[in-house]
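# Chain and residue survey
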Amino acid sequence: PIPCHLPPSSLPVALSTEVRVYTKRKGAAPDFEGPVVLSGQRDGITVDTCTSGISKELRAVFNFAYVWGKSVKHSPQRVGLTHTLEDEDVIQVMGKTVK
């Protein structure tokens, strides 16, 4: 149990619900200067939540994403919308090709 009289800054890091996700464009290095900071949810932050947080248009053309970081077994790993991201993951979103 956590005493209620403690300030939020003294809570353990494991209880933190913020997830920083860095973006990467195809053929470029990851942008570590400006992460996308997302507030955690009970089930975690998914690729769907991240892409919707960046842009609704990006979510509409989403095909798959490559992820580097702690949340994947192989770096990079191709993932779908339901993949749960962890703090400091790098994501590269691949859109649908228009014919």
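One can find the structure itself at the top, above this paragraph.
Quick caveat, the model's predicted, so the values are computed rather than measured.

### Digging into the pattern of salt bridges
- Evaluated as defined, the whole model comprises three salt bridges.
- For arginine 20, the salt bridge goes to glutamate 88, with nearest N and O atoms at 3.0 Å. In this pair, arginine 20 is assigned in strand E1 (residues 18-23) and glutamate 88 in the loop between strand E6 (84-85) and strand E7 (89-95), connecting sequence segments 68 residues apart.
- Looking at glutamate 88, the relative accessible area reads 40%, which means it is partly exposed.
- The closest approach of N and O atoms between aspartate 48 and arginine 59, which form a salt bridge, is 2.5 Å. Within this pair, whereas aspartate 48 is found in helix H1 (residues 47-54), its partner arginine 59 is found in helix H2 (residues 56-60), the two being separated by eleven residues in sequence.
- Overall, aspartate 48 belongs to the partly exposed group, its relative accessible area being 27%.
- Members of the salt-bridge network, linked through shared partners, are Arg20, Asp87 and Glu88.

### So, H1
- Turning to H1, its buried residues number three or more, namely Val47, Cys50 and Thr51. In an axial view of H1, the angular spread of the buried residues amounts to 95 degrees, which keeps them on one side of the axis.

### Digging into the sheet that holds E7
- The strand order E2-E1-E7-E4-E5 describes an open sheet built from five strands, whose pairing is mixed. Single-partner strands in this sheet number two, and they are strand E2 (31-39) and strand E5 (77-79). Put simply, the sheet's adjacent strands are angled 40 degrees from each other on average, direction ignored.
- With three bridges connecting them, E1 and E7 associate as parallel partners. Residue pairing across strands places threonine 23 opposite isoleucine 91, the latter belonging to E7.

### Digging into the nonpolar core
- Val21, Val47, Leu85 and Ile91 are the most contacted members of the largest nonpolar core, which totals 14 residues.
- Those elements that place two or more of their residues in this core are E1, E2, H1 and strand E4 (62-68).
- When residues no more than four places from it in sequence are discounted, the contact partners of leucine 85 are Val21, Ile45, Thr46, Val47, Cys50, Val67 and Ser71.

Rules behind the numbers
Throughout, a residue's number is its position along its own chain's written sequence, starting from 1. It should be noted that, the model being predicted, local features are given only for residues of pLDDT at least 70 and side-chain atom pairs only at 80 or more, the latter also being counted only at that level, while totals for whole chains, interfaces and linings use all residues. Side-chain numbers come from the whole structure's heavy atoms, not from hydrogens or water. Definition used for salt bridges: Asp or Glu carboxyl oxygen within 4 Å of a side-chain nitrogen of Lys or Arg. Per the convention used, a helix needs a DSSP run of H or I reaching at least four residues, while a strand needs a run of E reaching at least two, with both numbered from the N terminus. In this scheme, a residue with accessible area under 20% of its type's maximum is buried, one over 50% is exposed, and one in between is partly exposed, where area comes from a 1.4 Å probe on protein chains only. Within this analysis, the arc is defined by the directions that extend from the helix axis to the C-beta atoms. Pairing between two strands requires that DSSP report at least two bridges joining them. In this analysis an axis means a line fitted to C-alpha atoms, helices contributing only their contacting stretch, and an angle means the value between N-to-C directions, from 0 to 180 degrees. In plain words, nonpolar cores are sets of buried Ala, Val, Leu, Ile, Met, Phe, Trp, Tyr and Cys residues tied together by side-chain atoms within 4.5 Å. Contacts: residue pairs with any heavy atoms within 4.5 Å of one another.

By themselves, these are just geometric observations and shouldn't be taken as functional.
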